[in-house]
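# Report on the structure
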Amino acid sequence: MFEGYTLGEIGSIFAMQGFAGLILFSVFVLMALGLAIIFGQMGVINMAHGEFMILGAYVTFVTSNLFAGSMPALFGGYFFVAMVLAFFIAAALGALVEWAMIRHLYHRPLDTLLATWGLSLIMQQIFRSIFGAREVGVTLPDWLMGSFALTDMIEVPINGLFVMALTLLISLSVYLILFRSRWGNQSRAVVQNRAMAGAVGIDTARMDRMTFALGCGIAGVAGSAFTMIGSTGPTAGQLYIVDTFLVVVFGGAQSLLGTIASAFVISQSQSTMEFFLSGSMAKVLTLLTVIVILMLRPQGLFSLKLRR
Amino acid sequence: MTPRLRSHPPRHRRGSTIAALAGAIFCLAPLLAAAETPPTAEVSTTGLAVTDDTVTVGILHSTTGTMAISETGSVQAEKLAIEQINKSGGVLGRQIEIVQEDGASDWPTFAEKAKKLLVEDKVAAVFGCWTSASRKAVLPVFEQYNGMLYYPTFYEGLEQSPNVIYTGQEATQQILAGIDWVVREKDAKTFYLLGSDYIWPRTSNKIARKHIEKLGLKVVGEEYYPLGHTQFNSVINKIKLRKPDVIYAIVVGGSNVAFYKQLKAAGLDINEGKTTLLTISVTEDEILGIGGENIEGAYAAMKYFQSLDNENNQAFVAAFKEMWGEDSVIGDVTQAAYLGPWLWKAAVEKAGSFDIDKVREASPGIELTTAPEGYVRIHENHHLWSKTRVGRALDNGQYEVVYETDELMEPDPFPEGYQ
């Protein structure tokens, strides 16, 4: 497929393809982090994860309209405000859901699956009732549009760079929160031995609520960022959920590092195969590979070594 | 008790006088009405839900689930048409009543609801379905119970049922004119075909490829992405490498939004650059989600755009906005859905009967001069003769019509050599 191209052109295409893979990687990490935290720390599979993302997207939509309507001069900066709002609104809803629903189901993991799936349907219908069945268009500030030309041939989408930076920032924050703060210490203690953690005075119920809220909040930020690259509609969350689960399960459910590694492997292989084969074929091969690896290694790429 | 009873008779007598008068008027009413409304026994011989002053029809679309995004407009258009028909005196003097069912974006549900409409409600016609999958699911039901379906979506063709009238365009009508136009106006030599991975884009691209190669031009790439795919950076790189004159895109649903946003972000300028983007899957409805600024400059080939400048369309757009709100947008399928009830009314009146068999017989040759798209006529093969237009997407989410075929395009659901 490269006959008739100069070496320079081929080099540029590979460079751009590298960026495409990195962008996909960032998107996967952003999607999966929130789910991985909740799954890894609490053992709850949050089927409504996609809907929390779309909640973030709708918050962005509303914020952009507010800014365009009342303070057009500041429109360029609305995206940051929207992301912060998306985090807190999604986190607040997450805490509410944990309090009203999830905490009653901790000893029935299959029931949490069903309950959160029901929650996802309820949220979809609420979005539909409020914002209508059609997709809404989120207007981006001008500086986020277009691409950044490195050379004549190599152009990198600005929103891709933005997603990459955001992913880096959020991963770093999650690392600091979980591994370098008192709260993270307690949270990991609860995961490793809930009864003992309770016995030494950690409020495990509060820990659970905070963890669930954190995971949902990150989903909200991810959804906010994805208004740049995808659609915002009541059922758009479903578009992301399969890839998200794939990344989390493949990485090993209890390891954040595993989630990141798995996002990297899946995104790179998919993006490369998409380039050399076709879109559908790439998806088929990616899924096949993941299935085979999971058959050989059911615990995923990385797993926490624990005494059971 | 007794005195009260005694006091009643005079009143009773007065009452009976009034009743007698009323009775006389009631007896006269059918006679008066009969002058314009044919008796029910005459217009319905197969037990359809027709009374002396009403006739029941069904609307079968998804109002919940993923497809609700697309199907809402069709429901609105069908209800508007039915309301207008009722205001102008109904069909054969009968007011149309609607039974609406929700297909819930689930194909077996569509089949079940279709059966309910035909068997329990005995509706005289059904306006509904959107995806080909839902149409394929209800088709055996309509054929078994002999119903009549008016199907609004542009689709891949390769189908012709005695129980369906296809009010949208089939693939060749939409594709050939568009490609001819882009070859003539943009001097296109090379094409990159791209689509979502299911029957409609695949069949359409097959027809497009055949036509392109017949013109002696070249397809430099063809590929498909799963429905709901949201990452198009790799294929955009491939397109950049191949440098086609035309990107022929049939991406649908949520993927659409992702594709155009990423195309724009990747610096592939379809507005002022050398590459032309031609699509047959993006109507004004989809642009709402994509955002006009992301798709500005793309061309779409279909039979209707909201901006069409003729009297029928101006009246239609005004009526639609009055009924469903100032912000409504109207896409190709919405307009095709609006034609359904009107075509049915014309066929029923030509046949002088609601019976399905007679309506079917009367349908070919029915023409509609009041159609918002201008003029349509039903072909022997149950599809519509219609013009094809090319529109250029504008920043504000509307299309500007840049070309329309001189003649009506003949529907050809079974083009030679494409099966």
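In this text, all values refer to a predicted model and were calculated from it rather than measured experimentally.

## Considerations on the overall build of chain A
Secondary structure assignment for chain A yields 11 helices and two strands. In chain A, the succession of α and β elements from N to C terminus is α-α-α-α-β-β-α-α-α-α-α-α-α. The C-alpha atoms of chain A give a radius of gyration of 20 Å, which matches the 19 Å a tight globule of 308 residues would have. Dimensions of chain A, computed from C-alpha atoms along their principal axes, come out at roughly 70 × 55 × 35 Å. The buried share among the 308 residues of chain A stands at 51%. Relative to all contacts within chain A whose residues are 6 or more apart in sequence, the contacts with residues 24 or more apart total 75%.

## A few points about the nonpolar core
Residues and elements named next belong to chain A. Counting 73 residues, the largest nonpolar core has Phe-52, Phe-226 and Met-228 as its most contacted members. Top element by residues in this core is helix 1 (residues 7-42). It accounts for 16 residues. Once you skip the residues sitting within four places of it in the chain, Phe-52 turns out to touch Asn-46, Ala-90, Leu-93, Gly-94, Val-97, Leu-119, Met-123, Cys-216, Ala-219 and Gly-220.

## Notes on the interface of chain B and chain A
Think of interface size as the accessible area that goes away when the parts come together; that is how it is often given. Counting residues at the interface gives 42 residues for chain B and 44 residues for chain A. Each partner contributes to the roughly 3600 Å² buried at the junction of chain B and chain A, and carbon and sulfur atoms together form 54% of this total. Where chain B packs against chain A, one counts zero salt bridges. Here chain B and chain A share 14 residue pairs in polar contact (both at pLDDT 80 or more) between them. At the level of elements, helix 3 (68-87), strand 7 (218-225), helix 8 (233-242), helix 9 (254-265), helix 10 (284-290) and helix 11 (292-295) of chain B are the ones that each hand at least two residues to the side of chain B that touches chain A.

## Quick word on the pairing of strand 9 (residues 276-279) of chain B
Residues and elements named next belong to chain B. Where burial is concerned, the two faces of strand 9 agree: the one with Thr-276 and Leu-278 and the one with Leu-277 and Thr-279 are both buried. As paired strands, strand 9 and strand 10 (residues 299-302) are joined by two bridges and run parallel to one another. Bridging from a neighbouring strand, Thr-279 pairs with Ala-300 of strand 10.

## As for the pairing of strand 2 (residues 95-102) of chain B
Residue and element names in this part refer to chain B. In this structure, strand 1 (residues 54-61) lies alongside strand 2, joined through eight bridges in parallel fashion. From the neighbouring strand, Val-57 faces strand 2, where its bridge partner is Ile-98. In the classification by handedness, the crossover that spans strand 1, the intervening helix 3 and the parallel strand 2 is right-handed.

## Digging into the sheet that holds strand 13 (residues 384-385) of chain B
Residues and elements named next belong to chain B. With respect to topology, three strands assemble into an open sheet ordered 11-12-13, the strand pairing being antiparallel. Whereas interior strands pair on both sides, the edge strands pair on one side only; in this sheet they are strand 11 (367-368) and strand 13. As paired strands, strand 12 (residues 376-378) and strand 13 are joined by two bridges and run antiparallel to one another. Its bridge partner being in strand 13, Arg-377 is matched across the sheet by Trp-385.

So, how was this worked out
Residues numbered from 1 in each chain as written. Chains lettered and ligands numbered in written order. Predicted model: local features only at pLDDT ≥ 70, side-chain atom pairs only at ≥ 80, totals over all residues. Heavy atoms only, no water. Helix = DSSP H or I, 4+ residues; strand = E, 2+ residues; numbered from the N terminus. Rg over C-alpha atoms; globule rule 2.2 N^0.38 Å. Buried < 20%, exposed > 50% of the residue type's maximum accessible area, 1.4 Å probe, protein only. Contact = heavy atoms within 4.5 Å. Core = buried A, V, L, I, M, F, W, Y, C linked by side-chain atoms within 4.5 Å. Buried area = accessible area lost by both parts, 1.4 Å probe. Salt bridge = Lys/Arg side-chain N within 4 Å of Asp/Glu carboxyl O. Polar contact = N/O pair within 3.5 Å; in protein donor to acceptor, adjacent residues only side chain to side chain. Pairing = 2+ DSSP bridges. Right-handed = clockwise from strand over helix to strand, strands pointing away.

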